[in-house]
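Structural overview
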Amino acid sequence: QKGYPEIALSIYETAEAEQPRMNFDYQKALVYGELGDIKKMYGMYVDMVARNPGYQRTVEDLLARALDEDTDERNKEYLKEQIIRKIQEDGSQNLNQLLAFVYIKEENYRAAFLQLKALEKRKETNKAEIFNLGNVAAKNKDYDQAIRIFDYMIEAGPENPFYENALVMRLKAKTLALDAEVTSGKDAYVNLKKEYLLVLNQIRGNRLVAGLGMDLVDIEAFKLDEPDTAIVRLRQWIKSAYLGQEAIAELKIKLGDVLLYAGDRWEAILFYAQAEKAFEQSPIGQEAKFKRARAAYFVGDFKWALGIFDALKASTSKLIANDALHYALLINNNMALHSTTTA
C-alpha cells in the first residue's frame with residue numbers, strides 16, 4: 001500500500017519459505033502486475049488454477065481485466081503457452097476451460113470451439129457452454145463460426161436439450177450474415193425463407209415460434225416485398241392459443257410495422273394501441289407507444305406526435321427515450337415561429 005512492491009514481494013517469498021504450508025500466489029500475482037512483469041503475473045495465475053481449481057473464477061475475472069489492458073501480443077501468447085504446458089503435464093479440466101476462456105477473450109471462437117468440443121467429448125464440460133459460445137460468436141459478428149457451432153448442436157439430435165434453440169439461433173446468425181453482405185440478392189432470401197418455414201414446422205408449439213416468426217415476416221415484407229403474405233401470417237399467429245400475451249403483443253407491433261409499410265396507417269396505429277394497452281407500463285408498451293407516435297409523425301400529425309414523444313422522453317428504456325428526444329427536438333426546432341416576419 002505504501003508503494004514498495006519489491007519489498008512486498010520479498011516478504012511474501014520469505015513467509016512461504018519459512019512456512020511452506022502458506023500460500024501467497026494471489027498476492028504475488030498482483031505484485032508482479034504492479035511491477036509490470038506481466039509474464040510472471042500470467043504464469044502465477046496459471047499456477048494458481050493448476051494447484052487449486054477453486055481459483056478458476058477469480059483468475060478468469062483478473063485475466064478479463066488484464067487481457068483488455070494488455071496490448072502486447074507476446075504476453076498473450078506466453079499465457080496460452082503456459083496453460084497448454086500445464087495441460088500437457090496434468091490434463092486438468094479447469095486449465096482446459098481456462099484456455100477456452102482466453103480464446104473467447106481474444107475473440108478466437110474457432111479455437112475456443114475446438115477446445116470446448118474436446119472437453120465435451122471427454123465429458124468434462126456440457127453443451128450449455130458450447131451453445132453459449134455460439135451466442136457470443138454471433139453477438140460479436142463472427143457469423144460463420146456461430147453457424148458451425150449451432151450446426152454441431154443440431155447434429156447432436158433432438159434429444160439434445162439445446163436442439164430447438166440451436167435451430168433458431170442458426171437461422172438468426174445466417175440472417176444477420178446475409179444482411180451484412182452488400183451483394184446479397186433476392187434468391188438468397190428466397191432460400192432463407194424456405195429454411196425458416198422448415199424450422200417453424202419443426203418447433204411448432206414452442207415459445208420460440210414468435211421470435212422466429214417475426215424474423216420471417218421481416219424477410220417476407222422488407223426483403224422480398226411480400227407484405228400481404230407477412231400480414232396474413234401475423235394475423236394467424238396472433239390467434240394462436242399457445243403463445244403468451246407478451247409474444248402476442250410483440251406480434252401486434254410487428255404487424256403494425258408491416259401494415260405501415262404497406263400503406264395502411266390507421267390499422268397499424270390500431271395494433272400499436274392494442275399492444276400498448278396490454279402492457280402499458282412495460283418496455284413492450286412503451287415501444288408500441290413510440291411507434292404509434294412515429295406513425296403520426298410520418299403523415300404530418302406533428303402536434304399529436306409531439307405530445308407522446310415528450311411523454312416518452314422519461315421512458316425506462318434508454319433507446320426509446322433517446323429516440324423520443326430526437327423526434328421531439330426535430331419537431332420543436334422546425335415548428336417554432338420565426339421571430340421576424342422578413343421572408
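Summary of the structure given here.

**Here's the deal with the nonpolar core**
Membership of the largest hydrophobic core comes to 91 residues, with the highest contact counts inside it found for Tyr45, Leu63 and Ile83. Residues in contact with Ile83, not counting those within four places in the same chain, are Val46, Leu95, Leu98, Leu99 and Val102. Core analysis: the second largest hydrophobic core is formed by 14 residues, Phe290, Phe309, Ala324 and Ala328 among them.

**Quick look at the packing of aromatic side chains**
In this structure the tally under the stated criterion is 11 aromatic pairs. On the basis of an interplanar angle of 75° and a centroid distance of 5.5 Å, the ring pair of Phe113 and Tyr152 is categorised as edge-to-face. Within this pair, whereas Phe113 is found in helix α7 (residues 109–121), its partner Tyr152 is found in helix α9 (residues 143–155), the two being separated by 39 residues in sequence. For Tyr152, a relative accessible area of 15% translates into the label buried. Ring-pair connections join several aromatic residues into one group, and the members of that group are Phe290, Tyr297, Phe298, Phe302, Phe309 and Tyr327. Its end group placed over the ring of Trp266, Arg265 keeps NZ or CZ at 4.0 Å from the ring centre.

**Some words on the environment of Gly256**
Considering the arrangement of structural elements, one finds Gly256 in helix α14 (residues 245–261). For Gly256, a relative accessible area of 0% translates into the label buried. Distance from Gly256 to Lys291, taken between C-alpha atoms, is 8.5 Å for residues 35 residues apart in sequence. If we skip the residues at most four places from it in the chain, Gly256 touches Ala268, Phe271 and Tyr272.

**Observations regarding a nonpolar patch on the surface**
A contiguous nonpolar patch, built from Tyr4, Ile7 and Ile11 and spanning about 350 Å² of accessible area, is present on the exposed surface. Assignment of secondary structure puts Ile11 in helix α1 (residues 5–18).

**Some thoughts on the pattern of salt bridges**
Under the criterion given, the structure shown has 25 salt bridges. In this structure, Asp257 and Lys291 form a salt bridge, with 2.8 Å as the shortest nitrogen-oxygen distance. Linking Asp257 in helix α14 with Lys291 in helix α16 (residues 283–298), this pair joins segments that are 34 residues apart in sequence. Judged by relative accessible area, which is 15%, Asp257 ranks as buried.

**Thoughts on α16**
Relative to the 22 Å expected for 16 residues at 1.5 Å per residue, α16 spans 22 Å between its end C-alpha atoms, a close match to the ideal helical length. Turning to α16, the residues buried within the fold contact α14, α15 (265–278), α17 (302–312) and α18 (318–335). Residue Gly300 follows α16 closely and has a positive phi angle near 90°.

**Points about the side chain of Arg292**
Relative to the elements of secondary structure, Arg292 occurs in helix α16. The class for Arg292 is buried, based on a relative accessible area of 15%.

**Regarding α18**
Its 18 residues give α18 an end-to-end C-alpha distance of 26 Å, which sits within 8% of 26 Å, the value for a rise of 1.5 Å per residue. Every buried residue belonging to α18 is among Ile320, Ala321, Ala324, Tyr327, Ala328 and Ile331, and all of these are buried. Along α18, the residues classed as buried sweep out an arc of 135° about the axis, all on the same side. Those residues of α18 that are exposed and aimed more than 90 degrees away from the buried face are Lys318, Leu319, Asn333 and Asn334.

Procedures and definitions
- Residues numbered from 1 in each chain as written.
- Predicted model: local features only at pLDDT ≥ 70, side-chain atom pairs only at ≥ 80, totals over all residues.
- Heavy atoms only, no water.
- Core = buried A, V, L, I, M, F, W, Y, C linked by side-chain atoms within 4.5 Å.
- Buried < 20%, exposed > 50% of the residue type's maximum accessible area, 1.4 Å probe, protein only.
- Contact = heavy atoms within 4.5 Å.
- Phe/Tyr/Trp six-rings, centres within 6.5 Å; stacked < 30°, edge-to-face > 60°.
- Helix = DSSP H or I, 4+ residues; strand = E, 2+ residues; numbered from the N terminus.
- Lys NZ or Arg CZ within 6 Å of the ring centre and 35° of its normal.
- Patch = residues over 30% accessible without salt bridge, like charges linked within 9 Å, V, L, I, M, F, W, Y side chains within 5 Å.
- Areas by Shrake-Rupley, 256 points an atom, 1.4 Å probe, with all protein chains shown as cover.
- Salt bridge = Lys/Arg side-chain N within 4 Å of Asp/Glu carboxyl O.
- Expected span 1.5 Å × (residues − 1).
- Arc of directions from axis to C-beta.

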